[in-house]
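# Report on the structure
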Amino acid sequence: MKRVTEKTFSQSFSIVGREFFDAGKVSTEIKTMLKELGVDAGIIRRIAIAMYEAEMNVVMYATEATVTLELSPKAIRIVVDDRGPGIPDVELAMQEGYSTATTEMREMGFGAGMGLPNIKKNADHFRIDSVVGKGTRLEISISMN
Amino acid sequence: MKPDFRSIRIDTERCTGRMKCLRICPTQALRVRNAKAKLLSDRCIDCGECVRVCPNHAFVPQTSSFSDFSGFKYTIALPSPVFYSQFGKDVKPSAILSALKTVGFDDAYDVACASESVSIAIQEYLEANGTPRPLISPFCPTIVRLIQVRYPNLLDNLIPIESPMEIAAREAKRAKMHELGLKENEIGAIYLSPCPSKMIALKNPPRKKHSFLDGVMPIADVYPNMMRALSHSDHTNGKSEIRGLGLGWPIVGGQVASLKAEESIAIAGLTDVMRVFDEIENGKLKDIQYIECHSCPTACVGGSLTVENPYIARGRVLRMVEKYGQEPCQDRQKIRDLYQKNFFSLVGRIAPSPVQPLDEDLSRGIQKMHRRQQTYELLPKIDCGACGAPSCMTFAEDVVKGEAEADECVFLAMKSFESMSTNLLDVVGKHSKKIRGNIAS
Ligand SMILES: Nc1ncnc2c1ncn2[C@@H]1O[C@H](COP(=O)(O)OP(=O)(O)OP(=O)(O)O)[C@@H](O)[C@H]1O
Ligand code: SF4
Ligand SMILES: [Mg+2]
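Now for a quick tour of the structure. None of these values were measured; they are calculated from a predicted model.

## Observations regarding the site of ligand 1
Residue and element names in this part refer to chain A. In the vicinity of ligand 1 lie 20 residues, with Asn-57, Ser-99, Thr-100, Gly-111 and Met-114 positioned nearest. A distance of 2.8 Å separates an oxygen atom of ligand 1 from a polar atom in the backbone of Met-114. Contacts to ligand 1 include Gly-115, whose backbone N or O atom sits 3.1 Å from an oxygen atom. For ligand 1, whose unbound accessible area comes to 590 Å², protein coverage reaches 94%. Put simply, the parts of the chain that give the shell around ligand 1 at least two residues each are helix 2 (41–61) and helix 5 (115–122). Broken down by class, the residue content of the shell around ligand 1 amounts to ten nonpolar, eight polar and two charged.

## A look at empty space enclosed by the protein
All names here are of chain B. Taken as a whole, this structure holds six cavities of 30 Å³ or more when the rule is applied. Here the largest cavity is characterised by a volume of approximately 210 Å³. Around the largest cavity sit 19 residues that line it, and Phe-139, Tyr-191, Lys-198, Trp-249 and Cys-300 are the ones nearest its centre. If you list the elements that add at least two residues to the lining of the largest cavity, you get helix 6 (164–180) and strand 11 (290–294). Class assignment of the residues belonging to the lining of the largest cavity gives a composition of 13 nonpolar, five polar and one charged.

## Some details on the interface of chain A and chain B
At the interface, 31 residues of chain A touch 24 residues of chain B. Here chain A meets chain B over a buried area of about 2400 Å², counting both sides, of which 57% is carbon and sulfur. Viewed at the interface, chain B and chain A are joined by four salt bridges. We note a salt bridge from Lys-31 of chain A to Glu-281 of chain B, for which the minimum N-O separation is 2.9 Å. Taken together, the connections running from chain A to chain B amount to nine residue pairs in polar contact (both at pLDDT 80 or more). Sorting the residues of the side of chain A that touches chain B by element identifies strand 1 (9–16), helix 1 (25–36) and helix 2 of chain A as the ones contributing at least two each. In terms of residue count, helix 2 of chain A provides more of the side of chain A that touches chain B than any other element does, seven residues in total. Across the side of chain A that touches chain B, the residue classes tally to 14 nonpolar, eight polar and nine charged.

Calculation rules
- Residues numbered from 1 in each chain as written.
- Chains lettered and ligands numbered in written order.
- Predicted model: local features only at pLDDT ≥ 70, side-chain atom pairs only at ≥ 80, totals over all residues.
- Heavy atoms only, no water.
- Near = heavy atom within 4 Å.
- Polar contact = N/O pair within 3.5 Å; in protein donor to acceptor, adjacent residues only side chain to side chain.
- Areas by Shrake-Rupley, 256 points an atom, 1.4 Å probe, with all protein chains shown as cover.
- Helix = DSSP H or I, 4+ residues; strand = E, 2+ residues; numbered from the N terminus.
- Nonpolar A, V, L, I, M, F, W, Y, C, P; charged D, E, K, R; others polar.
- 1 Å grid on protein atoms, 1.4 Å probe; cavity = no way out; pocket = protein on both sides within 12 Å on 5 of 7 lines; lining within 4 Å.
- Points joined across faces, edges and corners; volume = space filled by probe spheres on them.
- Contact = heavy atoms within 4.5 Å.
- Buried area = accessible area lost by both parts, 1.4 Å probe.
- Salt bridge = Lys/Arg side-chain N within 4 Å of Asp/Glu carboxyl O.

Following this line, the structure appears as structure tokens:
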């Protein structure tokens, strides 16, 4: 769960798909930790938005995910690794406005197709890998300065 | 003007270390050390929960009393609209206002009408400003402080419009200065408040500016004399000169009801407020125009310095709105013109006031976070409070910051006692064998 190198701190969290009651919890927990460290408010906002969108995608489309947070004085790195259907055409999914959200999801205010593009926009470094039938892995880094 | 003025102080004489306050504090700002409560003022948001819960009244609101006003030539009471809900059924607001002139004030001035003006100003502001969304009401000082301390990203969402309390104080003073030929500092304007947090407007306003208020007195302190004054005659009949939707401001939804903003919501209670603020910080709720926010779960009728049961008070407010609310007290166009002349505007930014971080240096902070987690793993994770911290996690943090010793946790102390005594038994066992052997030989 934790890696014992003095300069970094890491912690993992889990997200359960379809669990709308807890949706947004991991994002809030990570945000709280960054506030406790006195991280710049602008950076916290970017992390909050990116993490929230990633979390909601897991809740809506995947089965479950493990989130690993790594903090160092230089950067915040988050890996969201899910077990789920994967994304057949990642390039398409990355386009603004592309969404496969159901009518119910849209009624709940999701499905604008802005999540992934927003994550990318808020990250300094972003990587997405997906294997159909297995899952999707997002890597998000934001530099501390 | 101390920058860290907090509207609540602990009277350690009265505190018996009951720990009720520990758990109730929504920002984990309290500890009990040596059987006395201690306030970490960087975390305190003046919500008054501790004032309400302490059986010994050890949390003393830093409000004003009559003796503070002896220097003024003339005093004006400005009762929060909550005040109108504190007395018997159907007592008219105007009767309450005139009774105030018999309990120690030279005059009394209605604030509900200022609330109506302010709601017209908010309306104008919403129409003129598309972003950021949602805008947040700035009238509960605890909410403003919560944003300064925990949600600095939302400071720009606070509407920069003056509170009804300030508008009323300014207007009341101007009228009397003109009428009596007095100077501003010869007139004392005293707000009769449902909560201690209003004191911040006076002592340490978030936007550094002049306040027209000279004092904030608890509603509860004026209550007994008012009851006496009102018992003399019948105050329930006839027309009330005090009217308008401003009368509804002290209950949840009162501000929203006085606006014509389609997408607006009202939230009360810090748990729900924080949940909504987290959502806004995550980039959500952009389709909402205005959020009315109250720290107290039943809004201002449930403030910590009120007397009446908040649900009864709420019922009375609803009745008053029904009876006197529909006819406005202000000319809408006149208020719009005043708005254009910046009569309601607040200038200057509100500075963030973040909680002291784990460490001033980020790498050391990260190391401390690591050590906090290690310490936490040793604890029973049952948040028993016996250590004087509200939760095992806050205790671990206190240990890492050097503000508490690990063995102040009874469980850790027991563990180390156990291993100590096992060692001791070992030693005793070995020696007694030897001694017994010695005797035998
Ligand atoms: N973790 C995931 N697993 C499977 N499919 C995903 C995952 N994340 C995204 N997708 C697919 O990519 C599409 C685009 O995702 P994106 O987050 O950009 O938009 P959205 O979730 O549809 O809408 P919004 O995020 O604006 O509410 C989704 O509609 C979905 O088909
Ligand atoms: S909700 Fe009203 S009574 Fe309660 S703290 Fe805020 S302003 Fe004071
Ligand atoms: Mg999405």
